[in-house]
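# Coordinate inspection notes
One letter stands for each residue in the lines below.
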Amino acid sequence: MFAENGSIVPTDMRWVVVNTHPHREHFAMQNLERQQFASYCPMTRKTRRHARRTQEVLRPVFPGYLFVEVAPDIQQWRSLLSTRGVRSLVRCGDQLSFLDRAFVDALKAREVGGAIVRPDRPYHIGQQVKVAAGAFEGLVATIIDMDEKDRLVVLLDLLSRPVKVRVHANAVAEA
């Protein structure tokens, strides 16, 4: 397909995964944009604590990776490999490995204000839960803390003593 100015407009755009140098996702994106590649780096909000200050910052959902849209039949995608900030491409041998467009679209749909919004947590502090897996299976516990990585700190009553145990959210069920 051709545009009004006579340039080729790719019709079969597909997403590929690019591995970047550590903490250089934005640098790589700027260089990719200069080469007319559309790129996407999904971000999430994290709370950073340093020197008695807390601050909300944007961090990549997939550190060291971003997505680039290419037309493999028309575009010279090998120039991605020599782009500053790019380490490599996720490939299968010499063939590009493509990402399902629905995956990237689903990530973009969950974005609010430039950051991916986590779904509501099914648990809250103070809730009674039953441990469903592991060494403490079947015991009832109380949630006393939760972190960003779906781990819960629960208080179990073991041998007539309260004991703090860290479990994954998938290892508990509502009591």
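Residues numbered from 1 in each chain as written. Predicted model: local features only at pLDDT ≥ 70, side-chain atom pairs only at ≥ 80, totals over all residues. Heavy atoms only, no water.

Before going further, it helps to spend a moment on the overall build of the chain. What the chain contains, in helices and strands, is two helices and 16 strands. Here the C-alpha atoms of the chain give a radius of gyration of 22 Å, more than 25% beyond the 16 Å that 2.2 N^0.38 yields for 175 residues. Seen along its three principal axes, the alpha-carbon backbone of the chain occupies a region of about 80 × 35 × 30 Å. Counting over 175 residues, the chain shows a buried share of 31%. Separation between the mean location of the 25 positive side-chain charges and that of the 19 negative ones in the chain comes to 10 Å. (Helix = DSSP H or I, 4+ residues; strand = E, 2+ residues; numbered from the N terminus. Rg over C-alpha atoms; globule rule 2.2 N^0.38 Å. Buried < 20%, exposed > 50% of the residue type's maximum accessible area, 1.4 Å probe, protein only. Lys, Arg positive; Asp, Glu negative; His and termini not counted. Charge placed at Lys NZ, Arg CZ, Asp CG, Glu CD.)

Once that is clear, we can look at a nonpolar patch on the surface. On the surface, a cluster of nonpolar side chains totalling about 370 Å² of accessible area is made up of Val61, Phe62, Tyr65, Val90 and Phe103. Within the secondary structure layout, Phe62 lies in the loop between strand E4 (53-60) and strand E5 (65-70). Overall, Phe62 belongs to the partly exposed group, its relative accessible area being 32%. (Patch = residues over 30% accessible without salt bridge, like charges linked within 9 Å, V, L, I, M, F, W, Y side chains within 5 Å. Areas by Shrake-Rupley, 256 points an atom, 1.4 Å probe, with all protein chains shown as cover. Salt bridge = Lys/Arg side-chain N within 4 Å of Asp/Glu carboxyl O.)

On to the packing of aromatic side chains, then. Going through the model one piece at a time under the given rule, you end up with four aromatic pairs. Ring geometry for Phe62 and Phe103: centres 6.3 Å apart, planes at 40°, overall tilted. With a gap of 41 residues between them, Phe62 in the loop between E4 and E5 and Phe103 in helix H2 (residues 101-109) connect regions that are remote in the sequence. Pairwise contacts between aromatic rings join Tyr40, Phe62, Phe67 and Phe103 into one cluster. The ring of Phe27 has Arg24 lying over it, and the distance from NZ or CZ to the ring centre is 4.2 Å. Positioned above the aromatic ring of Tyr40 is the side chain of Lys108, whose terminal nitrogen or guanidinium carbon lies 5.0 Å from the ring centre. (Phe/Tyr/Trp six-rings, centres within 6.5 Å; stacked < 30°, edge-to-face > 60°. Lys NZ or Arg CZ within 6 Å of the ring centre and 35° of its normal.)

Before going further, it helps to spend a moment on the nonpolar core. Membership of the largest hydrophobic core comes to 16 residues, with the highest contact counts inside it found for Val16, Leu66, Val68, Val70, Leu80 and Leu89. Elements that contribute at least two residues to this core include exactly strand E1 (14-20), helix H1 (25-34), E5 and strand E6 (86-89). Among the nonpolar cores identified, the runner-up in size contains twelve residues, and Val129, Ile143, Leu156 and Ala169 belong to it. (Core = buried A, V, L, I, M, F, W, Y, C linked by side-chain atoms within 4.5 Å.)

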